[in-house]
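Structure assessment
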Amino acid sequence: MKHILKFIYILLISVLLISCDKNNEAPTIDPLDGYTKLKEGYALGASAKVEIWGKKNFFMGYNNLVVVLYDSLNLKEKITDAHIHFMPLMTMGMGAMAMQHTCPIENPDETDTNDVFPGAVAFVMPTTADGTWKLGIAVHNHKYDKEGEANFDITVDNPETSVLTVFTALAPDNNKLVLSILEPSKPKVGINDIEFTLHRKASMMDWPADDSYTIEITPEMPSMGHGSPNNVNPVSSGNGHYKGKVNFTMTGEWKINVLVKKDGNLISKDLYFNITL
Amino acid sequence: MRKNFVIVWLVVLPILSMAQIADSSKIWPTVITLQEVKVSADLPLNNSDVVDFYRTNHFATLDNINARLDGMALIKRGAYALEPQLNGFSGGQLNVTIDGMRMFGACTDKMDPITSYIEPSNLKSIAINQGTNGSINGCNIGGSVDLCLMEPNQKSLNPYASSLGFGYESVSKSKNVLFSIASIKNKWAWGFDAVYRKNENYRSGDDQIIPFSQFQKANLHAVVKYTPDDIQNYKLDLLYDDARNVGYPALPMDVGIARASLMAFEYQLNNKNQLKAKIYYNTIHHVMDDSKRDSLYILDSNTDGKSDSVYMRMDMPGKSSTLGAYVQFVLPWNERNRLLVKADNYTHNSLAEMTMHMRYPGSALVPSMYMQTWPQMLRNVSGIFLQNTTFVSQKLQIMMNGRLDYNMDILQSQYGQEQFSVFNYSLSKKQSKLVKSLNLSVQYYLLKSLSMVTTMGYSERMPTIGERLGFYLYNAYDGYDYIGNPYIKPEKSNYFRLAFQFSRPKIKTNFSQSFSYLRNYIMGVTDTQIPAMNFYANGIRVYQNIPSAKLYSTDLQVLFNPINSLSFYLNSKFTMGELGSGEPMPLIPPLNTVFAAQYQKGKFMLQAECENSLAQNRINLNYGERQTPSYTIFNFKSGYTFKLFKYALDASLGVTNILNKAYYAHLDWGRIYRPGRSLEMFLKYSF
């Protein structure tokens, strides 16, 4: 009996090890895994075809967007050396009353990552009846040293659960700030990475990242009236990103209360994000 | 609280004599002197009077019998499924087995000790070993309780015996039906017994109906035995127990269904080696149910401070199964020495889950909340036990035993691993540990009728799954949620016992003292860093090793037969426990004494019993204990055996708690009054 059980264990463990090995031999990474193509068009003057890939349609919040460039003269060839600039633009109202603004962006690096250009745009509001978004992609094709722009009319959805909030900092800061939650994108019971971005509205057309704030989090399960232990407050990792750890003890609806501070002073009020596991 | 005196003899006496040595009847003279009692505990038997009484007592639940045993107390959460406690030890500190088979309850809240899946009608006897000495079936520190399943007796004169019985108790409108049948033919013997019980909410001594004290259950047991020749036999046992709608007034939940099944196959070779081999499998499915409870809670909202009411339901199913085998044999390696060897292995698989569904009035159900209160785990234990008995002289016998258990815990649930990352644990999938036990026991005859038994021992025990990986297990006693400690160390005990046994034809006495010095005592310690999970929980307690704790117990039993038809029995037990900090250990019963007198002449029996418990003032406030007042209750029982168509009809009439006293014992959770005065009627027809 013992021997049989031991044998079974050894067998099981070896099967596990073997299967682990296989997983470790993961082949080439598909940079577009999990992404779908949202838009495609030509950047006139840059000899480039532009494709925009996202995890889902554009939404109010921090959108991870991947730009894929093809040589418009030879559509089978990807352009891997280019300078890409996101130019989102919201137009509100009509005619003379129209008002325009952009939103926080993270332009891709000049060098490609696995042949594509990942970046991000944090749309600060959804498309509405009197507000429309356009997304411009400026491309500097280093291959031919040509510049051009592709423009897309896009619809920005309003997600069921808010992942971005625009708020005005309390005095003395008084800045208008954009706080987005990036992670956990796939929340699970146990320890999770939590990541925020914080951008400041310098002007209608300039929303730079800001690393000068501090963020504190308190997860809470409102229906149970409890939180979770051993959370790690996010700290700035540069470029407006703040990374920490959040713990969920069970599935269900969690609320992550967020405090934003500047020089030790609390400048936010009633900020939170809901996460359902 | 029904009791009968004879059952106490039947069960206690063999244990008295066998308390130290379970299997050495040839060597220990006390066993020989009491042999007739031990034999008469075998059923069905030659002595019909004893059979009748024993069976009458099958109306009692196993809990009622346990309450009368040496050193045993019961932790009570409801009218059913009381948890045995032996000299202050309970749960994972004790080793409760069925014919040496391991079986584990599937409830994270200890609502189903395995004694709840066994009925007295399933049993032949109960063997108790005190302290570290009870390690034959597994390392433990508190002792062992082995429940021996009933089997048809080939030596019986009556080849065919069956009975049908009905019982009624007024206090809970309890209806009981018992049936048993056994047949022996040539080399084959088989037996079958069935019990059905249905109790409604009982009435306490202050004439209140105690809600959620109902239960109903059915139990079936079948056994087939094949004896090809004089020295060999094969036995197959099948047991099925199904309890439904079991109320637990002291807990926030009841049990919808608790179902156990057990299969065992045994081979015995009764030559000088007394070989016994067994393979078994058992499984338990346990589902808690709060659908009949008022589940409206008032919640203070964190954000706006306003009170809000919510409705909550919890699904809490638990599963537990055990597959195991053992082989044991005796090596009489010389005239004075006998070595018992036992090797065993079992694999226990358990999983308990909790899903909470919550609704605020007027709004939709919030997303359900799920957790694994016992993440799926497989525990495999391989053990070897050796016991050598040396017969030095007529006056002196020495027994030594030791056990090694290799314990392997394999966490099978990724979810469980992730759950525990919340507490900054990175759990390894596998954890193994070696636990051991070593004991020395000496019996010395000071006089022909007076012997002294001294036992010294050391033992360790593995933490239970709940103590290692329990995840927010609510304890209704202290109101805290308990969290396991994956790297908790085994509990250790140094044990010393001194017992005097005095045996004369008319009087038999056992007086014992035992002392345990515990290290790495496992106990929940409040952790203020972890927020409480629930709005009704007081906070979080994490299982920790307390450096030291002490337990002291003393027991006295006297059986006195001044004349043949009259007998008196006294059983007095006292336990004291103290944590290293000097605080009293929680859940320790005060001095409890049962005194019974029985008159039996021919077919007529009369019995009076008095149970007294002193107040418990040594309490652990930190655990939420409060003082418990003393109580004394009186019970009365009578019986008469009629002849009906040449078969026996037993009629029994009794009153328990004659004075209708409103009382509870210290180990009763929730300080809920026990049943008040109750009239009991039993009828059993044997044919």
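Since this is a predicted model, take the numbers as computed values, not measurements.

Parameters and conventions
- Residues numbered from 1 in each chain as written.
- Chains lettered and ligands numbered in written order.
- Predicted model: local features only at pLDDT ≥ 70, side-chain atom pairs only at ≥ 80, totals over all residues.
- Heavy atoms only, no water.
- Helix = DSSP H or I, 4+ residues; strand = E, 2+ residues; numbered from the N terminus.
- Contact = heavy atoms within 4.5 Å.
- Areas by Shrake-Rupley, 256 points an atom, 1.4 Å probe, with all protein chains shown as cover.
- Buried < 20%, exposed > 50% of the residue type's maximum accessible area, 1.4 Å probe, protein only.
- Phe/Tyr/Trp six-rings, centres within 6.5 Å; stacked < 30°, edge-to-face > 60°.
- Lys NZ or Arg CZ within 6 Å of the ring centre and 35° of its normal.
- Pairing = 2+ DSSP bridges.
- Buried area = accessible area lost by both parts, 1.4 Å probe.
- Salt bridge = Lys/Arg side-chain N within 4 Å of Asp/Glu carboxyl O.
- Polar contact = N/O pair within 3.5 Å; in protein donor to acceptor, adjacent residues only side chain to side chain.
- Nonpolar A, V, L, I, M, F, W, Y, C, P; charged D, E, K, R; others polar.
- Core = buried A, V, L, I, M, F, W, Y, C linked by side-chain atoms within 4.5 Å.
- Patch = residues over 30% accessible without salt bridge, like charges linked within 9 Å, V, L, I, M, F, W, Y side chains within 5 Å.
- pLDDT = per-residue confidence, 0-100.
- Axes fitted to C-alpha atoms, helices over the stretch in contact; angles between N-to-C directions.

**Focus: the overall build of chain A**
Helix and strand counts for chain A come out as one helix and 20 strands. Intrachain contacts of chain A at a sequence separation of at least 6 include 57% that bridge at least 24 residues. Here chain A has roughly 13,800 Å² of accessible surface; of this, 54% comes from carbon and sulfur atoms.

**Things to note about the overall build of chain B**
Of the regular secondary structure elements, chain B holds seven helices and 32 strands. Within chain B, the fraction of its 687 residues that count as buried is 61%. At a minimum sequence separation of 6, the contacts of chain B that also span at least 24 residues come to 67%. As presented, chain B carries roughly 25,800 Å² of accessible surface, and 61% of it is formed by carbon and sulfur atoms.

**Some thoughts on the packing of aromatic side chains**
Inspection of the entire model under this criterion finds 28 aromatic pairs over all chains. Summarising the aromatic geometry, the rings of Phe196(A) and Phe273(A) are spaced 6.0 Å apart at their centres and angled 40 degrees between planes, so their arrangement reads as tilted. Of this pair, Phe196(A) sits in strand β13 (residues 190-200) while Phe273(A) is found in strand β20 (residues 271-276), placing the two residues 77 residues apart along the sequence. In this structure Phe196(A) comes out as buried when scored by relative accessible area, which is 0%. Judged by its relative accessible area of 2%, Phe273(A) falls in the buried class. Where Tyr664(B) meets Tyr673(B), the ring centres are 5.8 Å apart and the plane angle is 40 degrees; that geometry is what we call tilted. With relative accessibility at 9%, the residue Tyr664(B) sits in the buried group. Taking the ring centre of Tyr213(A) as reference, the NZ or CZ of Lys262(A) above it sits at 4.6 Å. Between Lys342(B) and the ring centre of Tyr326(B), over which it is positioned, the NZ or CZ distance is 4.3 Å.

**Remarks on the sheet that holds strand β1 (residues 72-75) of chain B**
Residue and element names in this part refer to chain B. A sheet is described by the order of its strands in space; here three strands give the open sequence β1-β2-β3, paired in antiparallel fashion. Each edge of the open sheet is held by one strand with a lone partner, namely β1 and β3 (89-90). Bridging between β1 and strand β2 (residues 83-86) involves four bridges; their strand directions are antiparallel. Bridging from a neighbouring strand, Met72 pairs with Leu86 of β2.

**Some thoughts on the interface of chain A and chain B**
Counting from both sides, the interface comprises 29 residues of chain A and, opposite them, 40 residues of chain B. Summed over both partners, the interface of chain A with chain B comes to about 2,600 Å²; 66% of that surface belongs to carbon and sulfur atoms. For the interface between chain A and chain B, the tally reads zero salt bridges. Where chain A touches chain B, the interface holds six residue pairs in polar contact (both at pLDDT 80 or more). When contributions to the side of chain A that touches chain B are tallied by element, the ones reaching two or more residues are α1 (2-24), β13, β14 (214-221), β15 (226-227), β17 (241-248) and β18 (253-262) of chain A. Of the residues that constitute the side of chain A that touches chain B, the class distribution is twelve nonpolar, twelve polar and five charged.

**Some thoughts on the environment of Lys198(B)**
All names here are of chain B. Along the chain, Lys198 falls in strand β10 (residues 188-199). Here the alpha-carbon distance between Lys198 and Tyr168, two residues 30 residues apart in the chain, equals 9.8 Å. Setting aside anything within four residues of it in sequence, one finds Lys198 in contact with Lys173, Ser174, Lys175, Phe215 and Gln216.

**A few points about the pattern of salt bridges**
This model, assessed by the stated rule, comprises 38 salt bridges over all chains. Residues Lys134(A) and Asp153(A) are paired through a salt bridge, measuring 2.8 Å at the closest nitrogen-oxygen approach. Remark: Asp153(A) occurs in strand β10 (residues 146-154) and Lys134(A) occurs in strand β9 (residues 131-141); sequence separation between them is 19 residues. Residue Asp153(A) is classed as exposed on the basis of its relative accessible area, which comes to 53%. A salt bridge links Arg403(B) to Asp344(B); the nearest nitrogen and oxygen atoms lie 2.6 Å apart.

**With respect to the environment of Phe104(B)**
Residue and element names in this part refer to chain B. On the secondary structure map, Phe104 appears in the loop between β5 (101-102) and β6 (123-130). In this structure the C-alpha to C-alpha distance between Phe104 and Ile114, which are ten residues apart in sequence, comes to 6.4 Å. Dropping the residues within four chain positions of it, Phe104 is found in contact with Ile114, Ile284, Ser320, Thr322, Tyr346 and His348.

**As for the nonpolar core**
Ranked by internal contacts, the top residues of the largest apolar core, which has 122 residues, are Leu179(A), Phe196(A), Val258(A) and Met356(B). The residues touching Leu179(A), leaving out its near neighbours within four places in the chain, are Val163(A), Leu164(A), Thr165(A), Phe167(A), Phe196(A), Thr197(A), Leu198(A), Ile215(A), Val258(A), Val260(A), Leu271(A) and Phe273(A). One finds Val67(A), Ala122(A), Leu135(A) and Trp207(A) within the second-largest nonpolar core, a separate group that totals 37 residues.

**Describing unusual backbone geometry**
The omega torsion across Ala171(A) and Pro172(A) is 10 degrees, close enough to zero to call that bond cis. With respect to the element layout, Pro172(A) can be found in the loop between β11 (164-168) and β12 (176-183). Here the residue pair Glu183(A) and Pro184(A) is connected by a cis peptide bond, since its omega of 0 degrees sits within 30 degrees of zero. Note that Pro184(A) resides in the loop between β12 and β13. Positive phi is not limited to glycine here, since Asn230(A) has a value of about 60 degrees. Its location among the elements puts Asn230(A) in the loop between β15 and β16 (232-238). Phi is positive for Asn424(B), close to 65 degrees, though the residue is something other than glycine. Here Asn424(B) shows up in the loop between α6 (414-421) and β20 (430-445).

**Comments concerning a nonpolar patch on the surface**
Residues and elements named next belong to chain B. Where nonpolar side chains cluster on the molecular surface, the patch consists of Trp188, Trp190, Val224, Tyr234, Leu236, Leu238, Met263, Phe265, Ile279, Tyr281 and Leu323 and spans about 940 Å² of accessible area. Element by element, the count of residues in the nonpolar patch is highest for strand β12 (residues 232-246), at three residues. On the secondary structure map, Trp188 appears in strand β10.

**Concerning the confidence of the model for chain A**
Residue and element names in this part refer to chain A. Summarising the model, chain A shows a mean pLDDT of 87, and 90% of its residues fall at 70 or more. Looking over chain A, one finds the lowest element-wise mean pLDDT in α1, namely 55, and the highest in β17, namely 95. Segment residues 19-23 is flagged for pLDDT under 50; beyond a separation of four residues in sequence, or across chains, it makes zero contacts in the model.

**What about the confidence of the model for chain B?**
On average, residues of chain B score 84 in pLDDT, and 87% of them reach the 70 mark or higher. Here residues 1-56 of chain B scores under 50 on pLDDT; set against residues more than four positions off or in separate chains, the count is 155 contacts.

**Topic: the pairing of β20(B)**
Residue and element names in this part refer to chain B. Inspection of the sheet shows strand β19 (residues 396-411) paired to β20 by 15 bridges, in the antiparallel sense. For Asp409, the partnering residue across the bridge sits in β20 and is Gln431. With nine bridges joining them, β20 and strand β21 (residues 450-461) adopt antiparallel strand pairing. Residue pairing for β21: Leu440 is matched across the bridge by Met456. Connecting the antiparallel pair β20 and β21 is a turn made up of four residues.

**Examining the sheet that holds β17(A)**
All names here are of chain A. In space, the five strands of this open sheet follow the order β11-β12-β13-β17-β16, with antiparallel pairing throughout. Edge positions in the open sheet fall to β11 and β16, since each of these has one partner strand only. Adjacent strand axes in the sheet meet at a mean angle of 25 degrees when their direction is disregarded. Here four bridges tie β16 to β17, and the two strands are oriented antiparallel to one another. Bridging from a neighbouring strand, Val232 pairs with Lys245 of β17.

**What to know about the pairing of β10(B)**
Residues and elements named next belong to chain B. Pairing of strand β9 (residues 174-185) with β10 involves eleven bridges; the strand directions are antiparallel. Across the sheet, Ser183 pairs through a bridge with Trp190, a residue of β10. Between β9 and the antiparallel strand that follows it, β10, lie two residues; Asn186 among them carries a positive phi value of about 50 degrees. Pairing of β10 with strand β11 (residues 215-226), which is carried by twelve bridges, proceeds in the antiparallel orientation.

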